[in-house]
Amino acid sequence: FPNQVHHVCTVAGIHTDIMSTVYSDRIFVVISQLNKFGTLLKAWSEPRSEGGLIYQVSTLMGKRDDPLLSIYGRQIIERMSQGTDKPLLLAISLKPEGRGAECFQEILNELF
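In what follows, the accompanying structure is described. Quick caveat: nothing in here was measured; it's all calculated off a predicted structure.

Looking only at helices and strands, the protein chain has two helices and six strands in total. When the elements of the protein chain are put in sequence order from the N terminus, they spell out β-β-β-β-β-α-β-α. In terms of C-alpha radius of gyration, the protein chain reaches 14 Å, essentially the compact-globule figure of 13 Å for 112 residues. Taken over the C-alpha atoms alone, the protein chain extends approximately 45 × 35 × 25 Å along its principal axes. For the protein chain, with 112 residues in total, the buried portion stands at 40%.

For the rest of this paragraph, the subject is the pairing of strand 4 (residues 39-47). Taken together, the five bridges between strand 4 and strand 6 (residues 88-93) define a ladder with antiparallel strand orientation. Looking across to strand 6, one finds that Ala43 is bridged to Leu88. In this structure, strand 4 lies alongside strand 5 (residues 53-61), joined through eight bridges in antiparallel fashion. Along strand 5, the bridge assignment pairs Lys42 with Ser58.

Among the secondary structure elements, Thr16 is positioned in strand 2 (residues 14-22). Of note is the side chain of Thr16, whose polar atom sits 3.3 Å from the side chain of Gln33. Not counting residues within four places of it along the chain, the set of residues in contact with Thr16 comprises His7, Val8, Cys9, Val11, Ile31, Ser32 and Gln33.

Conventions we followed
- Residues numbered from 1 in each chain as written.
- Predicted model: local features only at pLDDT ≥ 70, side-chain atom pairs only at ≥ 80, totals over all residues.
- Heavy atoms only, no water.
- Helix = DSSP H or I, 4+ residues; strand = E, 2+ residues; numbered from the N terminus.
- Rg over C-alpha atoms; globule rule 2.2 N^0.38 Å.
- Buried < 20%, exposed > 50% of the residue type's maximum accessible area, 1.4 Å probe, protein only.
- Pairing = 2+ DSSP bridges.
- Polar contact = N/O pair within 3.5 Å; in protein donor to acceptor, adjacent residues only side chain to side chain.
- Contact = heavy atoms within 4.5 Å.

See below:
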């Protein structure tokens, strides 16, 4: 069975569910302030020929015109890639008032 962690927190006064599930071939993370999956993104890292990593983010379903969601995907995969080479599958739904820089940092701190 996959290893799963579910965390409920309040970010800037907003109820936020954060769940991560580690599968054999990927890590699935859900960040929800709306009690639904919302937009589904895939993020992964690739080695560069000069050394280091390149990070890629692709929207699979949902809002394709929201750069903040891609930023979440990129930040999470950058932090994850320090300990694993598995790709990230991210489901994220944020309330309008939960989209600020302070909320972003709090959510990342709760996740890591």
